Every structure is written in C-alpha cells, then in structure tokens.
Amino acid sequence: MNPLVPGSKLGPYEIGTLLGAGGMGEVYRARDPRLGREVAVKVLPRAWAGDPERQQRFVAEARAAGSINHPNIVTLHDVGVADGAPYLVTEVLEGEALRAVIERGTLSPERAAEIVIQIAQGLAAAHAKGIVHRDLKPENLQVLPDGRVKILDFGIAKLTRTDSNPLAETTPVFASMTATGTILGTVSYMAPEQLRDKPVDHRADLFALGAIFHELLTGRQPFTGETAADRVSAILMAEPPALPATVETAMPGVEAVISKLLQKRPEGRFDSASDLAFILRLLVTRRAPAVGSTGQAEDLEPGAVRDAPQFRPLTFRDGNVVCSRFAPDGQTVVYQAAFDGKESEIFLSRVESPEARGLGLRNAGLQSVSRTAELAVTLRTRDFIGFVHLGTLARVPMIGGRPRELAEDVFMADWSPDGRELAVIRRVGAGFQLEAPLGRAIHSTTGWMSHPRYSPDGSRLSFFDHPGIGSNSGYVSVIRPGEAPRRLTSVISTLWRGAWGPSGEEIWFGAMGHEQGDGVFAVNLEGRVRRVYSSPGFAGVDDLNADGDALFITVQPRMRLETSTRAGGLADAVDLSWLDWSLLRDLTADGTMVLFDETGFGAGASPGIYIRSIDGEPAVRLGDGVCAAFSPDGRHVLAGQNPMGEAMVIPTGVGKPRRLRTEGLHVSYGDWLPDGREVVLLASEEGQGRRFYRCEIESGKVRLMNEAVIGSLVVKVSPDGSVVVGRGEDGLLALFPLDGSAPRPFAKLGLSYRPAGWAGDSRSFFVFRATEIPAKVSRVDAGTGAMEPWTEVTPLSRSGVDGINSMRFTPDGERYAYSYPRTHSVLHHARGLR
C-alpha cells in the first residue's frame, strides 16, 4: 500500500493531512462523511500485508481494546483492513505528547502526580477487562489543553508483535521491536519480565508508569545507557537513582511510590493501577479550608448553625476502630480496625470519601503517622493485661512495603513532629517506661501508661498515667524530657484516646466519670479542664490536623458473659450478661454460680459486685467495688475497691463485709487458699513491684510469700494449696510454691495464654489463648508442662470481638464460663470542635 495523500480514501474515510509517523505507522487527520465528524486514522506497518490470519487476529483484538470506555483512554471508533494494511480510527486529540512536556523541563510533584493518577485510572479500566498496554511511554500519552491525559495505542504492542523464533540470536522482544524500529524509544520503559520474554500481566504497565513518573520529576529516564543493550542491563540489574531531596520534601512518600513501581519482580509492585491512583491521591497535598477560614463552610446543611460541630462518618461496617491518625496532608486518614468478625487491619481513606483501602498489614497495631508519610506500627501484637497489648515496634512506608523492626515489648508510640524520632511506652521488667526518643527512658511506673503524644513543637510529651494494673482510670500527665512528670487532672475513672489540641496549649482526652460529665475534654498546662463535647456514651478524639479538624470516635463497648459445657459448646451457650461490662471473675466449683463485676456505664457512679445463677435468674448485687474469687465453700468473695487498693471479704448471703488489714500494701488481685482461712494477695509496697503475700482472714497477719516479681493479674491457687499459677516478670506463666521456693516457669506459656482454673486433682490446670477466636483451651500437666488440647470456646457474638478476656472451668473441666469484650465503633471526621 502506497502512502496516503490528502483527498484519497481509506475505506469510508476521507484522508486529510499527515499528523505524525513512526515505527508503529502513520497517523492522518481524516473525515467520516457518514457522521460528519473529524477523526484520526492510524495505518499500521505494511509488513502485515499478505497475512490474512494475522489481519483477522488484529481486528478481533483491536475491537477488544476498543471496548474500553474511559476518559483517560483515547476513544476507538472503528478498525479495519484496506489493501492489506490494518488501520484504526480514533477521536482527534488536540494538545501535545507527554514527551514534549518532559522536554520543556521537570514538573512539580503535584502536577506530575496528577498526570500519573490519570494514567493509572485509564490503565485500571483497561486492566479490569484483561487488556494490558505493553508499550506505555511518553510518546503514547497525549496531554490535552485542559490538562487531561489520554492513553494512545492501547494493546497495539501486543497486536503488532511478531511470533518468536527460539533459534534466533536476539530475544523475541528484541526481534519484534527491531522489526518495528522502536527499540531505542521503548526499551527504557519495559519491565524486566518483558525483556526476559517471560509472561506479562498488568504489572508490566505499572513498571513503565514508574519510569515515566521518575522522568516527569527529574527530566531523566531512571535506566540509562548509550545503547539499547546498556539500557536493558540497567533495567535488569541496576537500581533507579534517588529523587532530588527537594522533590521528596515537597511530597513526602513519592520516592517510595516510584521505588515500588520499579521493583524488578512483578509481585513487589502495586497490586493494581487503582491502588496506585488511590495512594497518589493521598500524597497530593490538598488541604481543605477550616470552618470560618473563608467565611463559608463546605457541606453545611441549609439552616445549620455555622458554629455547631459537623460530623461525617468515615466507617460504616460493624466492628471496632482501634486507632486513627491524619496523614501529613491533613485530609488523608489512616486507621486500624477489625470489621465483621475478621482480624484487625490498617486502612487508608480520605475525609471526603467512604472508600478505604487495606495496606495488607494484619495483626499490626497502628501507632502514629510521621510528617514523611511513614507509619509506626506494632507487629505480632499479643495480649498482656487488660487494655494492654504488646508487640514489636516497626516503621513502614504508608504506601506499603516491608516493615523495619525497631524494638520489642512496645505498647504505644508516637512520631516526633519532625518525623525523626519515636517516643514509646514499653514493658520493662514488671513495669512500664516512657522513652523519648526510643531507648532513652524519661519516666517509669509500676502501674502502666498509655497514649504518648508529642506536643506540636516537640518540647513536651503528654501521656495517661494509670496507677492500677487492669484499670483504665488515671491522670492526664505531661512531661518534658529531663524533668519530672506533672499530673494535670485529678483521677478520672475511665480515660482514653488523647491528642494535643490545635493550639498546642491543651491536651484533649476522652473521659467517663469526670466531674463535668462524660465526653471529650481539654486540659491546659496549668491544669484547667474544659468540656469540648458532651456525649451520652464513650467518645474520644484520636487526632487533630492543623485546621482543627478531628478524628472523632464514638464507641459502644460491651463485656459479655456466657456459659456452656465442653460437650455442648456454642450450641448450648447461655448469655449471663447483666449490665454493659459483665467481667467474669470466678465460677463456683459445682458450676452453678458466676461471680462478676460491672464497671461500665450501667453500674453508675460506683462499680458493682454481682453473683448470678447459670439458670438465668436475675443477678444479685453484693456491694460496691470489684472482685476476684469465690471462697472454696462459695459463701464469701474476695473483693476490693476500684482499683482494689484494699481487700475485702464480702458474704454472698447474710453478713457484713470485712476489710482486711493490709496497711502499706496496694492490693491488685487475689485468690483463696483451700481452707478458706487465708488468701493469697497480689500486692505491692510503695514504689515496688507486685509480689505474692499470704493474709490470714481473722488476724489480718500478712507475710511475703515469695520474692519473685509478678508480671500481671494472674492468681489462681491449686485445690491442694501447694502452688499458685501466676505470671512472672518475664511474662511466662509459672507455678509459685506457697512455701516460698523458686517458681517453676512454663516456657511454652507466654503472654498469649491465660489460666482458666485448676483440675480437681491439682495435677493439671487449664489455659486458653486470649487473642484467638475460637479460643483454644488446653490442659497443662503441672509437673511436665505437657499440653493436651481440651476444647474450643466460641462466643455467641463475633462482630467487634477479637478475643476472650476471662475464662473459668469447673474442677472436672466440663462446665465453663467466659467473658469477652465486644466493641462497635464509628470513626467520624469532625469539623468545628473547639
């Protein structure tokens, strides 16, 4: 076929001027007289003439590519063959090729990202139909006058490739590319698997897009060389050069995006083009104006009061939002949540959209997001005590990647404002310490601490100081490294979720039982407390951006109490929950009665101690406080205030409570000895770790049972009164002989195991995995440590449940009762909180 001249016809199309020519054919402006519209006609290489089978395949596959309808892909109107030459008919595009844009100079990170987002959106539409471009490069991308980007020649690289000859000296890729004369312009954007002639999927297009992105930002291709062979070698063996520091500063995280796109192995790249577009939207700095900053507020309903807080829900599925943080742009949200009974995961979202993407980080605790878009997370988290989960601190790019592990036994962490240091709360020995930066201890406690947060100027840290193990009551405190901490509030019965206010002069916190009510409060550095938002239930603020917008959490927590038998399992389970926080403490030896306390909203101003028959009769309130265990005959319970502090013995029937004389000791927990005349108390002297003490009920005589420091609230005396199951300072369950001899730890029973009672012969005891659903129960030989699978316990409810808190078996191992927290929460973007 001869070159087309103006005025000639190709099929029904009237040919006009030549628009361009290259190795992939010539492009002409033409007119379709049937519709009276201007079109572009691309005539492919004439080497195809005389090959009817190949022409037929071209028409079929080109039509498949033409089925894509997307604003970032050039519209294909028609396809055909004339005089042996295949041709394509598309819309006419004005503007210029992206190559011309690059040749004029580098683009700002924001503009480059906007271009790449558009390309990724077009690729995603094609990939969804199973169509891969295979020849993405700046020459195949058209930038329109309005800034839109269109992808050209979709699928043509596949359609025009010649069949390979396994005996050829050149690879099939080189052979086909040489035939079309495109090797010098194309090879720099080809994925390693293409160059090796291995199977290619949509991730090859992502590699090419990564090379284009790098070139937009630097003006240079990431893999260079004097010859095509040199470029191939660079793609296969070399790493791309780093971006200029000014680019990464302007858009933190962009270098990690490009590095991921240019991974040598396809599985190291993004899973999809839509994931890439989503991530880039998060990195593009688009700050929404704060309410009042422009005299108007977006999304206000007609008639709404401008100063009233505005709430937009960001999560809609049943489950628990554990933690949330703003990303550096103040409009992207990173949050950890467990939905629909599944394990916890970390998600990315935008405040203007309910869409969220998982990062693939499961069983990881979100801690903080740095100004450079890096996450601090805890990996392999495990239960330690109530409210505390420990894990391995790691840092990982927000866009995904392999975490870099930093430290063990970390509870919570926060990035410094400059993103260079981490403050952490970690378990050390039997207590907790606050480190700022990581490795430098600035405060320690025999209780526990939570929610460390750097002030906006980085000069101070706020944290919650919880004196009682297993209780989330405590104080809002502030500390400057090198100085002693200061408590800014009086004790608050329930304290959770804290952040510095937008002014940097206050600390916001969620509270229940505060003298001003329940909700979100703020305290300044002089200790003046004000109410930010009143709530009828649990509410808190996880984070605030520079405009004062907040990540606001509403929570409906419940502690459910149930019972069943080993034979009946879930089918025979009975709900014994009473109010909203029915935490099981004990089960009578005959399995007919449970002991529990209520410390939530339902209990009112004072927590309550209850017993309840397993037949479902109404619960009986024994008094105020919290409890630990039934006496062997079931006629008394060991109890205390909240936190216990002082121990009491309360009758289950007629009689008056008796306070045990334990002056000088702060009691945390305890259990009865078999004769009912003594108790074993887990207690501590001022400034000391917790140890086991024996206390005579009648005389009040107290004596130290063992010098070993105890790691958590585990106290269960064997039926023969010879040993106590407890947890050592190393976190392992151990047997502590009452004669004071050395404890015997069980190497296999770490922090994830909790005791569930003794077998009647004192030769074995039951343990369960607290962080698994179903909870696997084992019977442990007290002499050898051998573990025998016993049963599995599954709660009646799964949504919002990530583990079982407490479990007790009868001595025969048949009847059991258990409590588990079920938390349903909603994450909101709040505007106008002050």
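It should be noted that the structure appears before, not after, this text.
Now for a quick tour of the structure. None of the values given here were measured: they were computed from a predicted structure. (Residues numbered from 1 in each chain as written. Predicted model: local features only at pLDDT ≥ 70, side-chain atom pairs only at ≥ 80, totals over all residues. Heavy atoms only, no water.)

1. Looking at the overall build of the protein chain
Part 1 of the reasoning: In terms of helices and strands, the protein chain carries twelve helices and 54 strands.
Part 2 of the reasoning: Relative to its full complement of 834 residues, the protein chain shows a buried share of 57%. (Helix = DSSP H or I, 4+ residues; strand = E, 2+ residues; numbered from the N terminus. Buried < 20%, exposed > 50% of the residue type's maximum accessible area, 1.4 Å probe, protein only.)

2. Some thoughts on the sheet that holds strand β14 (residues 353-362)
Part 1 of the reasoning: Here we have four strands laid out as an open sheet, ordered β11-β12-β13-β14, and antiparallel in their pairing. Sheet topology places β11 (319-326) and β14 at the edges, where each strand pairs with a single neighbour. Across the sheet, the axes of successive neighbouring strands diverge by a mean angle of 30 degrees, strand direction being ignored.
Part 2 of the reasoning: Relative to strand β12 (residues 332-339), β11 is paired through seven bridges, and the arrangement is antiparallel. (Pairing = 2+ DSSP bridges. Axes fitted to C-alpha atoms, helices over the stretch in contact; angles between N-to-C directions.)

3. Overview of the packing of aromatic side chains
Part 1 of the reasoning: All chains considered together, the criterion is met by 21 aromatic pairs.
Part 2 of the reasoning: An angle of 55 degrees between the planes, with centres 6.1 Å apart, marks the rings of F411 and W448 as tilted. Of this pair, F411 sits in strand β18 (residues 404-415) while W448 is found in strand β22 (residues 448-454), placing the two residues 37 residues apart along the sequence.
Part 3 of the reasoning: Judged by relative accessible area, W448 falls into the buried class, the value being 2%.
Part 4 of the reasoning: An angle of 40 degrees between the planes, with centres 5.9 Å apart, marks the rings of Y816 and Y818 as tilted.
Part 5 of the reasoning: Above the ring of Y475, the side-chain terminus of R487 is found at 3.7 Å from the ring centroid. (Phe/Tyr/Trp six-rings, centres within 6.5 Å; stacked < 30°, edge-to-face > 60°. Lys NZ or Arg CZ within 6 Å of the ring centre and 35° of its normal.)

4. Thoughts on the sheet that holds strand β27 (residues 506-514)
Part 1 of the reasoning: Strand order in the open sheet formed by four strands is β26-β27-β28-β29, and the pairing between neighbours is antiparallel. Two strands bound the open sheet, and with one partner strand each, they are β26 (494-500) and β29 (529-534). Between one strand axis and the next, the sheet turns through 30 degrees on average, direction left out of account.
Part 2 of the reasoning: Of the pairings in the sheet, the one linking β27 to strand β28 (residues 517-524) comprises seven bridges and is antiparallel in character. The residue bridging A511 from the neighbouring strand is G519, located in β28.

5. Concerning empty space enclosed by the protein
Part 1 of the reasoning: Across all of its chains, the model carries two cavities of 30 Å³ or more by this definition.
Part 2 of the reasoning: Considering only enclosed or pocket space, the largest cavity measures out at about 40 Å³ in volume.
Part 3 of the reasoning: Along the walls of the largest cavity sit R134, D135, L136, T186, Y189, M190, Q194, A204, D205 and A208, which together make up its complete lining.
Part 4 of the reasoning: At three residues, helix α8 (residues 203-218) tops the list of elements feeding residues into the lining of the largest cavity.
Part 5 of the reasoning: Counted by class, the lining of the largest cavity contains five nonpolar, two polar and three charged residues. (1 Å grid on protein atoms, 1.4 Å probe; cavity = no way out; pocket = protein on both sides within 12 Å on 5 of 7 lines; lining within 4 Å. Points joined across faces, edges and corners; volume = space filled by probe spheres on them. Nonpolar A, V, L, I, M, F, W, Y, C, P; charged D, E, K, R; others polar.)

6. Comments concerning α8
Part 1 of the reasoning: For α8, with 16 residues, the first-to-last C-alpha span of 23 Å sits near the 22 Å given by 1.5 Å per residue.
Part 2 of the reasoning: With respect to burial, α8 is a largely interior element, 14 of its 16 residues being buried.
Part 3 of the reasoning: One or two positions beyond α8, positive phi appears at G219, with a value near 80 degrees. (Expected span 1.5 Å × (residues − 1).)

7. Structural notes on the nonpolar core
Part 1 of the reasoning: The biggest cluster of nonpolar side chains holds 79 residues, and the ones touching the most others in it are F213, V257, L276, L375 and M398.
Part 2 of the reasoning: With near-sequence residues (within four places) excluded, V257 lies in contact with F213, F270, L276, I279, L280, L283 and I399.
Part 3 of the reasoning: Membership of the second largest hydrophobic core comes to 29 residues, among which are L638, L665, V680 and Y693. (Core = buried A, V, L, I, M, F, W, Y, C linked by side-chain atoms within 4.5 Å. Contact = heavy atoms within 4.5 Å.)

8. Brief notes about the pattern of salt bridges
Part 1 of the reasoning: Taken as a whole and assessed by the stated rule, the structure comprises 44 salt bridges.
Part 2 of the reasoning: Put simply, E345 and R362 hold a salt bridge, and the shortest N to O gap is 3.1 Å. Placement of the pair is E345 in strand β13 (residues 345-350) and R362 in strand β14, with a sequence separation of 17 residues.
Part 3 of the reasoning: Taking the shortest distance from any N to any O, the salt bridge between E707 and R691 comes out at 3.9 Å. Of this pair, E707 sits in the loop between β44 (702-704) and β45 (716-717) while R691 sits in strand β43 (residues 691-696); the two residues are 16 residues apart in sequence, bridging distant segments of the chain. (Salt bridge = Lys/Arg side-chain N within 4 Å of Asp/Glu carboxyl O.)

9. Regarding helix α3 (residues 109-128)
Part 1 of the reasoning: Helix length check: α3, at 20 residues, gives a terminal C-alpha distance of 28 Å against a target of 28 Å (1.5 Å per residue), a fit within 8%.
Part 2 of the reasoning: Counting buried positions over the 20 residues of α3 gives 14, a clear majority of the element.
Part 3 of the reasoning: Immediately beyond the C-terminal end of α3, within one or two residues, lies G130, with a positive phi of roughly 80 degrees.

10. A word on the packing of helix α11 (residues 254-261) against helix α12 (residues 273-283)
Part 1 of the reasoning: Look at α11 against α12: their axes get within 10 Å of each other, and the N-to-C directions meet at 165 degrees. When the axis of α11 is compared with that of α12, the two are roughly antiparallel. Where α11 crosses over α12, the handedness of that crossing is left-handed. Packed against α11, whose contacting residues are V254, V257 and L261, the element α12 presents L276, I279, L280 and L283 at the interface.
Part 2 of the reasoning: Of the residues in the contact of α11 with α12, the class split is seven nonpolar, no polar and no charged. (Parallel < 35°, antiparallel > 145°, perpendicular 65-115°, else oblique. Left-handed = near helix turned anticlockwise from the far one by under 90°.)

11. Description of the pairing of β11
Part 1 of the reasoning: Counting buried positions along β11 gives seven out of eight residues, so the element sits mostly inside the fold.
Part 2 of the reasoning: Here β11 folds back onto β12, and the loop between the two strands holds five residues, one of which, G330, carries a positive phi near 75 degrees.

12. Quick word on the side chain of D205
Part 1 of the reasoning: In this structure, D205 sits in helix α8.
Part 2 of the reasoning: It is R134 that comes nearest to the buried, bridge-free D205 among opposite-charge side chains, at 7.1 Å.
Part 3 of the reasoning: A polar side-chain atom of D205 sits 2.8 Å from the main-chain amide nitrogen of H133.
Part 4 of the reasoning: Residue contacts for D205: discarding those within four places in its chain leaves L123, H127, V132, H133, R134 and L136. (Lys, Arg positive; Asp, Glu negative; His and termini not counted. Polar contact = N/O pair within 3.5 Å; in protein donor to acceptor, adjacent residues only side chain to side chain.)

13. Considerations on the packing of α3 against α12
Part 1 of the reasoning: Between α3 and α12, the least distance of the axes is 7 Å, while the angle of their chain directions is 155 degrees. Here α3 lies roughly antiparallel to α12, going by the angle between them. In the packing of α3 onto α12, the handedness of the crossing is left-handed. Of the residues in α12, those in contact with A113, V116, I117, A120, Q121, L123, A124 and H127 of α3 are A273, S274, L276, A277, L280 and R281.
Part 2 of the reasoning: Within the contact of α3 with α12, the residues separate by chemical class into ten nonpolar, three polar and one charged.

14. Some words on the side chain of S272
Part 1 of the reasoning: Looking at the element boundaries, S272 is found in the loop between α11 and α12.
Part 2 of the reasoning: Engagement of the side chain of S272 in a polar contact is seen with the side chain of S274, the distance being 2.9 Å.
Part 3 of the reasoning: Each residue touching S272, except ones within four places of it in the same chain, is listed here: H202 and L206.

15. Description of unusual backbone geometry
Part 1 of the reasoning: Omega for the bond connecting A436 with P437 falls within 30 degrees of zero, at 0 degrees, which places this linkage in the cis form.
Part 2 of the reasoning: Turning to its location among the elements, P437 is positioned in the loop between β20 (431-435) and β21 (441-445).
Part 3 of the reasoning: Each neighbour pair has its own omega, and for I773 with P774 the value is -5 degrees, a cis peptide bond.
Part 4 of the reasoning: Inspection of the secondary structure puts P774 in the loop between β50 (764-769) and β51 (775-781).
Part 5 of the reasoning: The phi torsion at D409 lies on the positive side, around 55 degrees, for a residue other than glycine.
Part 6 of the reasoning: Mapped onto the elements of the fold, D409 is located in strand β18.
Part 7 of the reasoning: Its identity as a non-glycine residue notwithstanding, R497 has a phi of 50 degrees, on the positive side.
Part 8 of the reasoning: Among the secondary structure elements, R497 is positioned in strand β26.

16. Overview of the environment of S764
Part 1 of the reasoning: The topology assignment puts S764 in strand β50.
Part 2 of the reasoning: A sequence separation of 649 residues divides S764 from I115, and the C-alpha atoms of the two residues are 67 Å apart.
Part 3 of the reasoning: In contact with S764, not counting residues within four places along its chain, are W758, A759, R779, V780, D781 and A782.
Part 4 of the reasoning: In this structure the side chain of S764 is engaged in a polar contact, spanning 2.8 Å, whose partner is the side chain of R779.

Limitation: the analysis is restricted to geometry and does not speak to function.
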